[in-house]
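Here is what each chain is made of, one letter per residue.
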Amino acid sequence: MTAIYNQGIIFTVILTTIAIYILYRIKKRERNRSIPKSKLGWRGTVIYISKLLGFAVLVLVLMAGAVMVYIDYQTTLEETRPAPSQVEIPPNLPFEVQEVIFMGGDDLQMAGWYVPSQNGAVMVLLHGFGGNRLAMRWHAEQFTAAGYGVLMYDERASGESEGEYRSFGWEDSADVGGALSYLNTKKDVNLEQIGILGCSMGGQIALQGAAYYPQIGAVWADGPASITSADYSPPEDFFSLLAMISGPILDQIYVWHLGIEKPRPMIDIIGEIGPRPIMLVGGGISHPLFGNEEPRVTLYASYAGDNAEVWMIPEAYHCDGPAKLPGEYAARMIRFFDEALEIKR
C-alpha cells in the first residue's frame, strides 16, 4: 500500500506540473492580447482573475479525481493478485491435523487442516488478507485444548487453495458453504454446534458466512474489514473523508476488474445473523491514516442488534489481541463459544 500511495504522490506532482504550465500559457496569451490591461477596468480585472481561479479549481478537482482513480485502480490490482504460499505442518504443532481438500464456491478446491472434535463442537477458522491457515495456529491451539474440533483452510487464491484472484471477500462466503458441506460429513461433529471465527478479512468473511448460513451457531470477528464502501463509518478526519469519497470508485473498479456483481454491504446483512451471538473485537491503537477500529466495530454492532457484543482492546492495533492479552483473549473466546453452542463441561 505504501508503494501505491508513493506512486499517487508522483502522479499528483506530474499533474500539478502540467496544470501550472497550462495556467502559465493562458496568462501569457492574455498578456499578448492587443487590449492593454489598463483599459479593462476593475470589472474586467475581476472577471479575468475569476476565470483564472475557476480554471485552477477545476484543474484541482480533475487532478484529485484522476489521482483517486489511479490509486484505487492500483489498489485493486494489488488486493486481487493471488497470494500463493506453501503450507507445511510445523514440527512442534501441539495437535495432530488431517490434511483436507474440499470444494468451495465456483468449484475451487480449498486446502486446509482438520482436527477431529472431542466434544462434538467444531470451529471454522479464517485468516487475514494475503495470509494462509498458519496465521490461525494460536486460535486452533486454544480450541483444540478445550476439546473443539477445528477446520482451518486457506482462502481462495491464497496459500494452497485454488483461485485466479482474491475477491476481497466478495465471493468467499460460498467457500464457507463448502466448509460446512465438508463438516456435515464428519461423524465426530454435532451439526448444531458449529462456530466460525476470523481475523481482518477473515472476520468479514466469517460474518458473511454466518449471515448466509444459519447452520453456523455463533461468530467471532476480530478487526472485520468492510465489504463495500457502504460499510465505511462516518469520517472523523481528512483521510477518512478521502476514503469515503473514493470508496464508491473503488467498488466500481472491483466490479469492472473482476467482472462480478457488487455484493450486499455488511450493514445490510449483519442483522440477519440474529439471534445467534456475535462477538466484534477491535483494537484501540490508531493507524496513522485510518484511525482505530472502534468506529467500524460499533457501526456493525448497531446494525447487528442486541445479539452483538463489542470488545475493544486498548492495547491492540489490529488482530493482535492474542499477543497483547493471551490469557484474557483465550478465556473470553472459549467462554463465548461454550455459552453460544451450549457446551457442557
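The coordinates are above.
Residues numbered from 1 in each chain as written. Predicted model: local features only at pLDDT ≥ 70, side-chain atom pairs only at ≥ 80, totals over all residues. Heavy atoms only, no water.

## Description of the state of the cysteines
In protein structure, a disulfide is the covalent linkage between the sulfur atoms of two cysteines.
Phase 1: One pass over the structure, following the stated rule, counts 1 disulfide.
Phase 2: One disulfide in the model links Cys199 with Cys319; its S-S distance is 2.0 Å. Residues Cys199 and Cys319 are joined by a disulfide whose S-S torsion is about 130°; by sign, that bridge is right-handed. A residue pair is termed long-range when its members are at least 10 positions apart, and Cys199 in strand β7 (residues 194-199) and Cys319 in the loop between β10 (308-313) and α9 (321-324) qualify at 120 residues.
Phase 3: A relative accessible area of 15% means that Cys199 is categorised as buried. (Disulfide = S-S within 2.5 Å. Helix = DSSP H or I, 4+ residues; strand = E, 2+ residues; numbered from the N terminus. Buried < 20%, exposed > 50% of the residue type's maximum accessible area, 1.4 Å probe, protein only.)

## Quick notes on helix α10 (residues 326-340)
Phase 1: With 15 residues, α10 should cover 21 Å at 1.5 Å per step; its first-to-last C-alpha distance of 21 Å lies within 8% of that length.
Phase 2: Listed as buried for α10 are Tyr329, Ala330, Met333, Ile334, Phe336, Phe337 and Asp338.
Phase 3: The positive-phi residue at the C-terminal boundary of α10 is Glu342, with phi of around 60°. (Expected span 1.5 Å × (residues − 1).)

## Points about a nonpolar patch on the surface
Phase 1: Taken together, the side chains of Phe239, Leu241, Leu242 and Ile245 define a hydrophobic patch exposed on the protein surface, amounting to about 330 Å² of accessible area.
Phase 2: When you line up the elements, Leu241 lands in helix α6 (residues 238-258).
Phase 3: Assessed through its relative accessible area of 38%, Leu241 is described here as partly exposed. (Patch = residues over 30% accessible without salt bridge, like charges linked within 9 Å, V, L, I, M, F, W, Y side chains within 5 Å. Areas by Shrake-Rupley, 256 points an atom, 1.4 Å probe, with all protein chains shown as cover. Salt bridge = Lys/Arg side-chain N within 4 Å of Asp/Glu carboxyl O.)

## Some words on helix α3 (residues 137-145)
Phase 1: Every buried residue of α3 is accounted for by His139, Ala140, Phe143 and Thr144. Looking down the long axis of α3, one finds its buried residues gathered within 125° of arc, a one-sided arrangement.
Phase 2: Its buried side turned inward, α3 meets β3 (109-115), β4 (122-126), β5 (149-153), β7, α9 and α10.
Phase 3: Count one or two residues on from α3 and you reach Gly147, which has phi positive near 95°. (Arc of directions from axis to C-beta. Contact = heavy atoms within 4.5 Å.)

## Here's the deal with the packing of aromatic side chains
Phase 1: Summed over the entire model, instances satisfying the criterion amount to 14 aromatic pairs.
Phase 2: Seen from their ring centres, Trp220 and Trp311 are 6.3 Å apart, and the 80° between their planes marks the pair as edge-to-face. Here Trp220, found in strand β8 (residues 218-222), pairs with Trp311, found in strand β10; they are 91 residues apart in sequence, far enough to count as distant. Each member of the pair, Trp220 together with Trp311, is buried.
Phase 3: Three or more aromatic residues joined by ring pairs form one cluster here, namely Trp138, Phe143, Tyr148, Trp220, Trp311, Tyr329, Phe336 and Phe337.
Phase 4: For the cation-ring pair, Arg332 lies above Trp311, with the distance from its terminal atom to the ring centre recorded as 4.2 Å. (Phe/Tyr/Trp six-rings, centres within 6.5 Å; stacked < 30°, edge-to-face > 60°. Lys NZ or Arg CZ within 6 Å of the ring centre and 35° of its normal.)

## A word on the side chain of Arg276
Phase 1: Summarising the element assignment, Arg276 is placed in the loop between α7 (266-269) and β9 (278-283).
Phase 2: At a separation of 3.2 Å, a polar atom in the side chain of Arg276 contacts the main-chain carbonyl oxygen of Tyr213.
Phase 3: In terms of polar contacts, Arg276 uses its side chain to reach the backbone carbonyl oxygen of Ile216, at 2.8 Å.
Phase 4: If we skip the residues at most four places from it in the chain, Arg276 touches Ala210, Tyr213, Pro214, Ile216, Gly217 and Asn307. (Polar contact = N/O pair within 3.5 Å; in protein donor to acceptor, adjacent residues only side chain to side chain.)

## Overview of the pattern of salt bridges
Phase 1: Overall, the coordinates contain 9 salt bridges when judged by the stated rule.
Phase 2: Here the residues in one salt-bridge network are Asp106, Arg156, Glu171 and Asp175, joined through shared partners.

## Description of the sheet that holds β9
Strand-to-strand pairing in sheets goes through backbone hydrogen bonds, with the strands running parallel or antiparallel.
Phase 1: Strand order in the open sheet formed by 8 strands is β2-β3-β5-β4-β7-β8-β9-β10, and the pairing between neighbours is mixed. Edge positions in the sheet fall to β2 (98-103) and β10, since each has one partner strand and no second. In this sheet, adjacent strand axes meet at a mean angle of 20° when their direction is disregarded.
Phase 2: For β4 and β5, the ladder comprises 4 bridges, and the chain directions are parallel. Across the sheet, Val122 pairs through a bridge with Gly149, a residue of β5.
Phase 3: Against the sheet, α3 makes contact with β3, β4, β5 and β7, and its axis sits at roughly 165° relative to β5, the strand it touches most. (Pairing = 2+ DSSP bridges. Axes fitted to C-alpha atoms, helices over the stretch in contact; angles between N-to-C directions.)

## Describing the nonpolar core
Phase 1: The biggest cluster of nonpolar side chains holds 46 residues, and the ones touching the most others in it are Leu207, Ile278 and Leu280.
Phase 2: Here the element with the most residues in this core is helix α5 (residues 201-212); it accounts for 6 residues.
Phase 3: In this structure Ile278 touches Leu207, Val219, Ile270, Ile273, Ala304, Asn307, Ala308, Glu309 and Phe336, once residues within four positions along its chain are discounted. (Core = buried A, V, L, I, M, F, W, Y, C linked by side-chain atoms within 4.5 Å.)

## Observations regarding the pairing of β2
Phase 1: By the bridge criterion, 6 bridges tie β2 to β3 in an arrangement that is antiparallel. Across the sheet, Val100 pairs through a bridge with Gly112, a residue of β3.
Phase 2: Hairpin connection, β2 to β3: the antiparallel pair is bridged by 5 residues, and Asp106 has positive phi, about 60°.

## Description of the pairing of β4
Working note: regular strand, side chains alternate between the two faces of the sheet.
Phase 1: In terms of burial, β4 is largely enclosed, as 5 of its 5 residues are buried.
Phase 2: Burial along β4 is two-sided: Val122, Val124 and Leu126 facing one way and Met123 and Leu125 facing the other are all buried.
Phase 3: Of the crossover connections in this fold, the one passing from β4 over α3 to the parallel β5 is right-handed.
Phase 4: Here β4 runs beside β7; their pairing, made up of 5 bridges, is parallel. Note that in β7 the partner of Leu125 across the bridge is Leu197. (Right-handed = clockwise from strand over helix to strand, strands pointing away.)

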